[in-house]
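Geometric and topological summary
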Amino acid sequence: MRPHHHLDDATLMSLAAGALAMPLAVVASAHLERCEQCRRRLREAEAVGAALLEQTQPSVPPETVHQDALRAAMLARLESDDEIEVRRESRIGGDAAVASAPGADPDAMPVALRPYFGDRLSTVRWHWIGPGMYCTRSRDMPSLIMLKIAPGKSLPLHSHGGSELTQVLQGSYNDALGVFAPGDVADLDQDVEHQPVTAPGVPCICVSALDAPLVFSGWLARKLQRFVQL
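It should be emphasised that the depicted structure is a prediction, and the values quoted were computed from it without experimental measurement.

Here is what the cut-offs are and how they apply
Residues numbered from 1 in each chain as written. Predicted model: local features only at pLDDT ≥ 70, side-chain atom pairs only at ≥ 80, totals over all residues. Heavy atoms only, no water. Helix = DSSP H or I, 4+ residues; strand = E, 2+ residues; numbered from the N terminus. Expected span 1.5 Å × (residues − 1). Buried < 20%, exposed > 50% of the residue type's maximum accessible area, 1.4 Å probe, protein only. Pairing = 2+ DSSP bridges. Axes fitted to C-alpha atoms, helices over the stretch in contact; angles between N-to-C directions.

So, helix α2 (residues 22-34)
In a regular helix each residue adds 1.5 Å, so 13 residues correspond to 18 Å; α2 covers 19 Å between its end C-alpha atoms and thus fits that length. Buried residues of α2: Pro23, Leu24, Ala25, Val26, Val27, Ala28, Ala30, His31 and Leu32, and no others.

Following this line, the structure appears as C-alpha cells:
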C-alpha cells in the first residue's frame, strides 16, 4: 500500500541540508523506507541544495569541470549497473526476493528505528499509561517515542509547541486531517490541533518525534504530558 500522507517540503529541505533535528530525521527516514514519492522529492531537494551551494562557490577551471562531469557519469553508470543486478537477483530469487522486500514482514521494525527500539515490533517493551494505551521511548533520544493504542480509542485533544512527525507502523487512526494507515506520516506544526481516534480491528502502533512538548489538558492528558515532555 502506498502512503497517502507525506513529508512536508520544508521537512525534506531541512533533511537534505542536514539541518533537521535528529529525532525528526529518524522518523522521516522511517517514512522514506516506505515512500518512493518522498524519496524522489528528497533527491530533488538535494539537487536544489547542491545547485545553490555551487552558485556560492568560486569559479573553477574548465578542466576541473570536465573531471567532475566524468566522475558523475561514472557514478551514474555504476548505479545503473547496480540496479540491473538487483533486478536480475530479484528474478532469480523469486519468492525469497519478495519476502525480503521492505514491508513484507509486518512485524519487522523499520531499519531507521532499530537502533532505538529493536528489530521487531513484537519485542517492544511497552509501559501502561492509560486504558488501552501504551508507550515507550528511546533511552538515547527521549523525544523519540512509540505509542500503541487499542482499537477504537481516542487520544486527548492536543496542540503542538513545535514540530511533530508521526509515522504509522501498524493499524490506523483518523482525525481532522484524514485517515492515517501504515506508511503514512503526519507532519505537524504548532498551528495544528487534533484528536486522533484509532480504527477498529487491531491496535495502532506509531512512532513520533517532537522538538517541543505537546499541549494537553485533562487527567489522562497530563499523564501523557509527563511521559512525552522533553
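Examining the sheet that holds strand β9 (residues 197-198)
Taken in spatial order, the 3 strands of this open sheet run β7-β6-β9, and their pairing is antiparallel. Looking at strand neighbours, the two that pair on one side only are β7 (178-180) and β9, the edges of this open sheet. Strand direction decides the pairing type here: strand β6 (residues 173-175) and β7, joined by 3 bridges, are antiparallel. For Tyr173, the partnering residue across the bridge sits in β7 and is Phe180.

Let's talk about the sheet that holds strand β2 (residues 133-137)
Where strands meet in a sheet, backbone hydrogen bonds hold them as pairs that are either parallel or antiparallel. Within the open sheet, the 6 strands sit side by side as β1-β2-β3-β10-β5-β8. Their pairing is antiparallel. Every other strand in the sheet has two partners, leaving β1 (127-130) and β8 (185-188) as the edge strands with one partner each. Strand-to-strand, the axes of this sheet are offset by a mean angle of 25°, without reference to chain direction. Where β2 and strand β3 (residues 144-149) come together, 5 bridges link them in antiparallel fashion. Looking at β3, one finds that Arg137 is bridged to Ile145.

What to know about the pairing of strand β10 (residues 204-210)
The buried count for β10 comes to 7 of 7 residues, which makes it a mostly enclosed element. Neither face of β10 is left uncovered, since the one carrying Cys204, Cys206, Ser208 and Leu210 and the one carrying Ile205, Val207 and Ala209 both have all their residues buried. Here strand β5 (residues 164-170) pairs with β10 via 6 bridges, running antiparallel. For Val168, the partnering residue across the bridge sits in β10 and is Cys206.

Such coordinate-based values are descriptive only and should not be taken to indicate function.
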